[in-house]
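# Fold and geometry: a report
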Amino acid sequence: MERKIVVAGNWKMNMLPSQTGEFIAGFKGKFKDDRQVVFCVPAVSLSVAVEAVKGTNYAVGAQNLHEKESGAYTGEISSQMLADMGVKYVIIGHSERRQYFGETDEGVNAKAQSALGAGLIPIICVGETLEERNKNITLEVVRLQTKVALHNIEEKAVKNIVIAYEPVWAIGTGLTATSQQAEEVCKAIRDLLAELYNDSVAKAVTIQYGGSVNGKNAGELFSQPNIDGGLVGGASLKAEFVDVVNG
């Protein structure tokens, strides 16, 4: 089975609910049909986005969730709530969540299992800091993050996961890993999947690159053998997103 290119726009804390529907509608008919486009919008805009993608092949993703099904967790949203709204994807373990909100590899694993249990597709983020890259431990760091994130997740379920390699030093900085650097790490992730599971799983899992992806570099990045699309930040809030998706 050929892997589909999945391009997810992570809006982060941007765009008002009142702007969301019109913005998504503006892309109608502009994306290549062989690309799965996902709009990962703020929680307050999810219902608007779900309505806006009806009748299209776009999907909506959340930017976070809580690992518990329900309970006294003020301000949190469960995977079941997201699924009930019609959300299909959820970003888990983004470096900003790790940096600003103390998320851990173990927490990422708990959230991934919760997402899978509700039928959501988790986009699990992994990536090294500039200090770690300079110490030449990028592959060790990414392998460990991936291993812990997939702990106790069975073969059948892991095929429904997207892994996004996002070097922390390239997020929002304007710096981008070269296509060779990105491919090296994405291949290492795929090799790890073969070790943990088997070649069939490794070939089936979508692995994205994220980190200052834009209309100018997307084509070269997405053409690498082990890069199956991207997790896109700032460019997903502009008309340029068309150029990114279409590569």
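Our subject is the structure listed above.
This structure is a prediction, so every number in the text was calculated from the model and none was measured. (Residues numbered from 1 in each chain as written. Predicted model: local features only at pLDDT ≥ 70, side-chain atom pairs only at ≥ 80, totals over all residues. Heavy atoms only, no water.)

## Quick word on the sheet that holds strand 6 (residues 162–165)
Read once around its circumference, the closed barrel built from eight strands follows the order 1-2-3-4-5-6-7-8, with strand pairing classed as parallel. Averaged over neighbouring strand pairs, the angle between their axes works out to 25° when direction is ignored. Of the strand pairs in this sheet, strand 7 (residues 206–210) and strand 8 (residues 229–232) are connected by two bridges, and their pairing is parallel. What sits directly across from Tyr209, in strand 8, is Gly230. (Pairing = 2+ DSSP bridges. Helix = DSSP H or I, 4+ residues; strand = E, 2+ residues; numbered from the N terminus. Axes fitted to C-alpha atoms, helices over the stretch in contact; angles between N-to-C directions.)

## Thoughts on the pairing of strand 3 (residues 59–62)
The two faces of strand 3 match: Ala59 and Gly61 on one face and Val60 and Ala62 on the other face are all buried. Bridge analysis of strand 2 (residues 35–40) against strand 3 gives three bridges, and the strand direction is parallel. The partner of Val38 across the bridge, within strand 3, is Ala59. For the crossover from strand 2 across helix 2 (residues 46–52) to strand 3, the handedness is right-handed. The sheet contact formed by strand 3 and strand 4 (residues 89–92) spans two bridges and is parallel. Looking across to strand 4, one finds that Gly61 is bridged to Tyr89. For the crossover that starts at strand 3, traverses helix 3 (residues 79–85) and ends in the parallel strand 4, the hand is right-handed. (Buried < 20%, exposed > 50% of the residue type's maximum accessible area, 1.4 Å probe, protein only. Right-handed = clockwise from strand over helix to strand, strands pointing away.)

## Quick notes on the packing of helix 5 (residues 105–117) against helix 7 (residues 138–149)
Interaxial distance between helix 5 and helix 7 falls to 7 Å at its minimum, and their mutual angle equals 40°. Taken together, helix 5 and helix 7 sit at an angle that is classed as oblique. Here the hand of the crossing between helix 5 and helix 7 comes out right-handed. Between helix 5 and helix 7, the contacting residues are Asp105, Glu106, Val108, Asn109 and Ala112 on the first element and Gln145, Val148 and Ala149 on the second. Looking at the contact of helix 5 with helix 7 residue by residue, the class counts come to four nonpolar, two polar and two charged. (Parallel < 35°, antiparallel > 145°, perpendicular 65-115°, else oblique. Left-handed = near helix turned anticlockwise from the far one by under 90°. Contact = heavy atoms within 4.5 Å. Nonpolar A, V, L, I, M, F, W, Y, C, P; charged D, E, K, R; others polar.)

## What to know about the nonpolar core
Phe31, Phe39, Tyr209, Phe241 and Val244 are the most contacted members of the largest nonpolar core, which has 62 residues in total. Within the second largest apolar cluster, twelve residues are counted, among which are Ala8, Val38, Tyr89 and Ile91. (Core = buried A, V, L, I, M, F, W, Y, C linked by side-chain atoms within 4.5 Å.)

## Describing the environment of Gly172
Of note, Gly172 is situated in the loop between strand 6 and helix 9 (179–196). With 61 residues separating them in the primary sequence, Gly172 and Gly233 have C-alpha atoms 7.5 Å apart.

## Some details on the packing of aromatic side chains
Applying the stated criterion across every chain yields a total of eleven aromatic pairs. Pairing Trp11 with Phe39 gives two aromatic rings, centres 6.2 Å apart and planes at 75°, and the pair type is edge-to-face. Separated by 28 residues along the polypeptide, Trp11 in the loop between strand 1 (5–10) and helix 1 (17–25) and Phe39 in strand 2 bring together distant segments of the chain. Take Trp11 and Phe39: they sit in the same class, and that class is buried. Relative to Phe31, the ring of Phe27 has its centre 5.3 Å away and its plane inclined at 20°; by these criteria the two rings are stacked. The two residues Phe27 and Phe31 agree in class, both being buried. (Phe/Tyr/Trp six-rings, centres within 6.5 Å; stacked < 30°, edge-to-face > 60°.)

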